[in-house]
Amino acid sequence: MFYFILIMKLKFEQKKPGRIRQTVHPIDIEIDGSPSTVAELIDATVRSCVAIFNHKAFCAPERDNMDDDSTRTPISEKQIDDFAETGRVAFGIVYNGKMADPDKAAANALQSYADGLYRIFLNGNPLGELETKIKLSEGDCLTVVRLTLLAGRLW
């Protein structure tokens, strides 16, 4: 018996951090299945991101052998300049080696969306409540915008 798992590729617009040139550029992300509601989309996207993070954590060099890892390529001058704009040069290594729990991460993301901490746009159109039906196609573009409170004398 064969089981086929549908994997869908989406574009995920991600803000490129920087103090001078903050830009938004799409990255490819693969999710399992074809979500039919906003909640399923959030769940699938978070699980995909957690899987990528956990892979990085699993492949991270041992803390005692950090200098012996010869499989990593050095970062370029352009990457160093881009990182310097953010105020931190990072090498893409998960130093603590702890794995993230996909169930907790998905629950947190769903609660945060319900609380209005971020909004999701599908091809430029805002998505509604968690139960809202959606229709995804291969190559659709997701944009996640984190909402922040402005500081002021209101409080």
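Presented here is an overview of the structure given in this document.

Cut-offs used in this document
- Residues numbered from 1 in each chain as written.
- Predicted model: local features only at pLDDT ≥ 70, side-chain atom pairs only at ≥ 80, totals over all residues.
- Heavy atoms only, no water.
- Helix = DSSP H or I, 4+ residues; strand = E, 2+ residues; numbered from the N terminus.
- Buried < 20%, exposed > 50% of the residue type's maximum accessible area, 1.4 Å probe, protein only.
- Contact = heavy atoms within 4.5 Å.
- Areas by Shrake-Rupley, 256 points an atom, 1.4 Å probe, with all protein chains shown as cover.
- Salt bridge = Lys/Arg side-chain N within 4 Å of Asp/Glu carboxyl O.
- Pairing = 2+ DSSP bridges.
- Core = buried A, V, L, I, M, F, W, Y, C linked by side-chain atoms within 4.5 Å.
- Expected span 1.5 Å × (residues − 1).
- Arc of directions from axis to C-beta.
- Polar contact = N/O pair within 3.5 Å; in protein donor to acceptor, adjacent residues only side chain to side chain.

So, about the overall build of the protein. In terms of helices and strands, the protein carries 3 helices and 5 strands. When the helices and strands of the protein are listed from N to C terminus, the series reads β-β-α-α-α-β-β-β. Counting only residues that meet the buried cut, the protein has 26% of its 155 residues in that class. Of the contacts formed within the protein by residues at least 6 apart in sequence, a portion of 59% connects residues at least 24 apart. Surface exposure of the protein reaches about 11700 Å², of which carbon and sulfur atoms provide 56%.

So, about the side chain of Asn54. Here Asn54 shows up in helix H1 (residues 38-59). Once residues lying within four places of it in the same chain are set aside, the contact partners of Asn54 are Met99 and Ala100.

Take Leu142: it is sitting in strand E5 (residues 141-146). Taking the C-alpha atoms as reference, Leu142 lies 6.0 Å from Glu13; in sequence the two are 129 residues apart. Filtering out sequence-adjacent residues up to four positions away, Leu142 remains in contact with Leu10, Lys11, Phe12, Glu13, Leu41, Thr45, Ile120, Phe121 and Leu122.

A separate point is the side chain of Thr37. Looking at the secondary structure, you find Thr37 in the loop between strand E2 (23-32) and H1. On the accessibility criterion, Thr37 (11% relative accessible area) is buried. Sequence-distant contacts of Thr37, defined by excluding residues within four places in its chain, comprise Leu130, Glu131, Thr132, Lys133 and Ile134.

A separate point is the pattern of salt bridges. Scanning all chains against the criterion turns up 4 salt bridges. Between Arg47 and Asp43 there is a salt bridge, with its nearest N and O atoms 3.0 Å apart. With Arg47 and Asp43 both in helix H1 and 4 residues apart, the pair spans about one turn of that helix. A residue is classified by how much of its surface remains accessible, and Arg47, at 31% relative accessible area, is partly exposed. One salt-bridge network, in which partners are shared between bridges, spans Asp43, Arg47 and Asp103.

A few words now on the pairing of strand E3 (residues 118-122). Of the two faces of E3, the one lined by Tyr118, Ile120 and Leu122 is fully buried and the one lined by Arg119 and Phe121 carries no buried residue. Of the pairings in the sheet, the one linking E3 to E5 comprises 5 bridges and is antiparallel in character. Paired with Leu122 across the two strands is Leu142, which belongs to E5. Direction of pairing for E3 relative to strand E4 (residues 125-126): antiparallel, over a ladder of 2 bridges. Within E4, the position partnered with Phe121 by the bridge is Pro126.

We now examine the nonpolar core. Grouped burial of nonpolar side chains is what soluble globular proteins tend to show. Formed by 22 residues in total, the largest nonpolar core has its most connected members in Leu10, Leu41, Ile42, Tyr113, Leu127 and Leu136. Elements with a contribution of two residues or more to this core: strand E1 (7-16), E2, H1, helix H3 (102-114) and E3. The biggest single contributor to this core is H1, with 6 residues.

What follows covers H3. Note: α-helices contain 3.6 residues per turn, so residues at a spacing of three or four share the same orientation. The end-to-end C-alpha separation of H3 is 18 Å, in line with the 18 Å expected for 13 residues at 1.5 Å each. Within the sequence span of H3, burial applies to Ala106, Ala109, Ser112 and Tyr113. Buried residues of H3 fall within an arc of 130 degrees about the axis and therefore sit on the same side. Projecting away from the buried face of H3 at angles above 90 degrees are the exposed residues Lys104 and Asn108. Between the side-chain oxygen at the start of H3 and the backbone nitrogen of Asp103 there is a gap of 3.2 Å, and the oxygen is on Asp101. Backbone geometry just after H3 places Gly116 at a positive phi near 80 degrees.

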